[in-house]
Amino acid sequence: MAHTVPNSFDSLACSTVNSAWGALTVEVLARLGVESFIVSPGSRSTPLTLAAARNPKVEAIPVLDERSAGFFALGLAKRTRKPVALICTSGSAIANYFPAVVEASMSGTPLLILSADRPPELRDCGSGQTIDQLKFFGDYTRAFDELALPEVAPPMLAYLRQTLVHAVGQSLDGNSGPVHLNFPFRDPLVPQTDGSTVIAGETLMAAATVMTRPCESVVCGGRLDAVAVERLASHSYGLIVVGDQNPSEGDEAFADSVAMLSRKLGWPVLTDVLNPLRGHAGEFSGLLTHYDALLREGLDPALGSKVAAILQIGALPTSKVLRAWLADLDAVSFLLSERPQNLDPLHRVATVLRGSAHTLVEYLPHSRVEPGWIADWGAAESAVADRIDARLESVGDLFEGKVAWLLSRHLPVRSAVFLASSMSVRYAEYFWSASNRAVSVFSNRGANGIDGTLGTALGVAHGGRPTFLLTGDLAFLHDSNALLLREELKGSLTVVLINNNGGGIFEHLPVAEMEADFERYFATPQSVDLAQLCIAHGVSHSRISNWAELVAAIEAPVVPGIRVIEVPTDRKADRLQLAEILMP
């Protein structure tokens, strides 16, 4: 039977060396499991752009602004846990990816940056739209490769294929993150239309053969030191502390693994909002979510004095109160991470365990569990949770912290939420209730910036579950260009936008006392009519005036597209309300 040449090669006709190079690049990446290409307009990148647009195996999404493109790709990669490819032209276009690449690097999110470039003879000689793109992102990428100029000789096609195979592997293996490939192209950039070919489609088919699909492999590897694991299991009075985690094994599997660790060790689990555990609370007999308030009011010495060991999984939670308590604790520490990174800003004497929670469960023997240890912590958690819930229930005025609390109780089951940095993530840490709603939680807490908040949330929503973004007005406005993605979004994003006319986080810092300069240089209020901004982009907008309206908006049937729910609050009143609720 004759073999049919795939459309990805036929449609470009392989009429130039560049078109063949681009077609082979996209085809190989598709066979390696890369499904999405985020493309920004430009001339030099034409061979890559047309190849992505015409390959039926992949989705090619055009995004005008490379900065928004980078964060959209980041969000999509966070949700799928697979590398997403970015394509840009030569010159300063690549610089707009930098904030997203930094976040991807620090959060361990796989990206493939495919930058087009001028050929060597047109660099550093005054040629237009040319900058030095070699190793542009420095140490923020896991690897960099400058591709050779395109050739269609079989050895060169094999070289291109294997470079791509290794690039995808480097974006995923062990320490996942961004990889940068720089593609120089000479003219002509556009395929010829005279019917001529420089290479047969069958030849490209053969050259695209790959023997692996690394994007579909599940990496739960790592061999743990048996002596270290034995030391961990020797402690009866310990705590498991889980911070920001987007686990490679998926939400439910991660929750199951941590629950089994808790049962084997007999230790309660203290969990930040930025991991799956608060959405799978039924797996645990001792899940602590109100640790910040519990420590503020003064922990029972009978509990605190007994803590002999801490197992930290991933980064530490955001709470400064918790970090200060851990720093003063006379306990041995164990740091579990799949990635080779320093996760201890407290610089404790600690044992590093390299592997996943799943791996540790398999290595860990059942320990002698101390009766009542989890129950005592659970009783303390329940008391403070009841007190905070009662206080939040009684708050009548619109208060940013209650928005996070209500979201945790009314979001659709198995939806997703993206938490903006600054106060949004902090209020969620304080007040996000434990439940069995199985809501997936995402954030950009690698670098903790507000950059790309809206674009990343759109990437999470694209092709995924109904998604909600909790953000402040400044984080939203900082990335409002991402609203241009409205027509490309396949999914639903509800933006719950706290409009307190400025940077609320600065109200909690000492600089707030410097009245003469505070509002203009730190709070930086922006007089933007958010309704008109949404109208200009064809986005649905509503403004909330009471809690019943907010709950109704959250629980409303999900519809495709972007909608913005504006919740006006007073940031100075919010600061006072927060202190009152957290007060013992």
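Residues numbered from 1 in each chain as written. Predicted model: local features only at pLDDT ≥ 70, side-chain atom pairs only at ≥ 80, totals over all residues. Heavy atoms only, no water.

To continue, consider unusual backbone geometry. Between Asp187 and the following residue, Pro188, the backbone shows a cis peptide bond with an omega angle of 0°. Along the chain, Pro188 turns up in the loop between β6 (178-184) and α7 (201-207). Phi is positive for Ser422, close to 70°, though the residue is something other than glycine. Looking at the secondary structure, you find Ser422 in the loop between β13 (416-419) and α16 (423-431). A positive phi angle is found at Ala438, which is not glycine, with a value near 55°. Residue position: Ala438 is located in the loop between α16 and β14 (440-443). Judged by relative accessible area, which is 7%, Ala438 ranks as buried. (Helix = DSSP H or I, 4+ residues; strand = E, 2+ residues; numbered from the N terminus. Buried < 20%, exposed > 50% of the residue type's maximum accessible area, 1.4 Å probe, protein only.)

Here we come to the pattern of salt bridges. If you walk through the whole model with that rule in mind, you get 22 salt bridges. A salt bridge links Arg387 to Glu297, with the nearest nitrogen and oxygen atoms 2.1 Å apart. Of this pair, Arg387 sits in helix α14 (residues 373-394) while Glu297 sits in the loop between α10 (291-296) and α11 (301-304); the two residues are 90 residues apart in sequence, bridging distant segments of the chain. Judged by relative accessible area, which is 26%, Arg387 ranks as partly exposed. Linked through salt bridges whose partners overlap, the residues forming this network are Glu507, Glu519, Arg571 and Lys572. (Salt bridge = Lys/Arg side-chain N within 4 Å of Asp/Glu carboxyl O.)

The next subject is the pairing of β14. What you see with β14 is no split at all: Ser440 and Phe442 on one side and Val441 and Ser443 on the other are buried throughout. Two elements, β13 and β14, share four bridges in a ladder whose sense is parallel. Residue Val417 lies in a different strand from β14, and its bridge partner there is Val441. (Pairing = 2+ DSSP bridges.)

With respect to topology, six strands assemble into an open sheet ordered β9-β8-β7-β10-β11-β12, the strand pairing being parallel. Two strands bound the open sheet, and with one partner strand each, they are β9 (287-288) and β12 (350-354).

For the coordinates displayed, the defined rule picks out 14 aromatic pairs. Members of the aromatic cluster, each reached through a chain of ring pairs, are Phe98, Phe136, Phe137 and Tyr140. (Phe/Tyr/Trp six-rings, centres within 6.5 Å; stacked < 30°, edge-to-face > 60°.)

As a further point, take the nonpolar core. Among the nonpolar cores identified, the biggest contains 61 residues, and Trp325, Trp377, Leu419, Phe431 and Leu550 are the most heavily contacted of them. Ignoring any residue separated from it by four or fewer positions in sequence, one finds Phe431 in contact with Ile388, Leu392, Phe399, Gly401, Trp405, Ser408, Leu578, Ile581 and Leu582. If you look at the next biggest cluster of nonpolar residues, it comprises 46 residues, including Phe72, Leu86, Ile113 and Leu469. (Core = buried A, V, L, I, M, F, W, Y, C linked by side-chain atoms within 4.5 Å. Contact = heavy atoms within 4.5 Å.)

This part takes up the side chain of Arg67. Positionally, Arg67 belongs in helix α4 (residues 66-80). Here Arg67 falls in the buried class, since its relative accessible area comes to 16%. Within polar-contact distance, the side chain of Arg67 engages the side chain of His478 at 3.1 Å. In this view, Arg67 contacts Asn96, Asp451, Gly452, His478 and Asp479; residues no more than four positions away in its chain are not counted. (Polar contact = N/O pair within 3.5 Å; in protein donor to acceptor, adjacent residues only side chain to side chain.)

Another point: the packing of helix α15 (residues 400-410) against helix α21 (residues 547-555). Helix packing geometry: the angle between the two helix axes and the distance between the axes. The N-to-C vectors of α15 and α21 enclose an angle of 40°; their axes lie 10 Å apart at closest approach. By the angle class used here, α15 and α21 are oblique. By crossing handedness, the relation of α15 to α21 is classed as right-handed. Contacts between α15 and α21 involve Lys402, Val403, Leu406, Leu407 and His410 on the former and, on the latter, Trp547, Leu550, Val551, Ile554 and Glu555. (Axes fitted to C-alpha atoms, helices over the stretch in contact; angles between N-to-C directions. Parallel < 35°, antiparallel > 145°, perpendicular 65-115°, else oblique. Left-handed = near helix turned anticlockwise from the far one by under 90°.)

Attention now goes to the packing of helix α2 (residues 17-31) against helix α3 (residues 46-54). At a minimum axis separation of 8 Å, α2 and α3 run at an interaxial angle of 50°. Here α2 is positioned oblique relative to α3, judged by the angle of their axes. Where α2 crosses over α3, the handedness of that crossing is right-handed. Facing α2, whose interface residues are Asn18, Gly22, Ala23, Thr25 and Val26, α3 presents Pro47, Leu48, Ala51 and Ala52. When grouped by side-chain class, the residues that make up the contact of α2 with α3 number six nonpolar, three polar and no charged. (Nonpolar A, V, L, I, M, F, W, Y, C, P; charged D, E, K, R; others polar.)

With that out of the way, let us pick up the sheet that holds strand β4 (residues 111-117). What the six strands build is an open sheet, ordered β2-β1-β3-β4-β6-β5; its pairing is parallel. Each edge of the open sheet carries a strand with a single partner, namely β2 (59-62) and β5 (143-146). Ignoring which end each strand starts from, the neighbouring axes of this sheet average 20° apart. In this structure, strand β3 (residues 84-88) lies alongside β4, joined through five bridges in parallel fashion. Pairing of Val84 across the sheet is with Leu111, part of β4.

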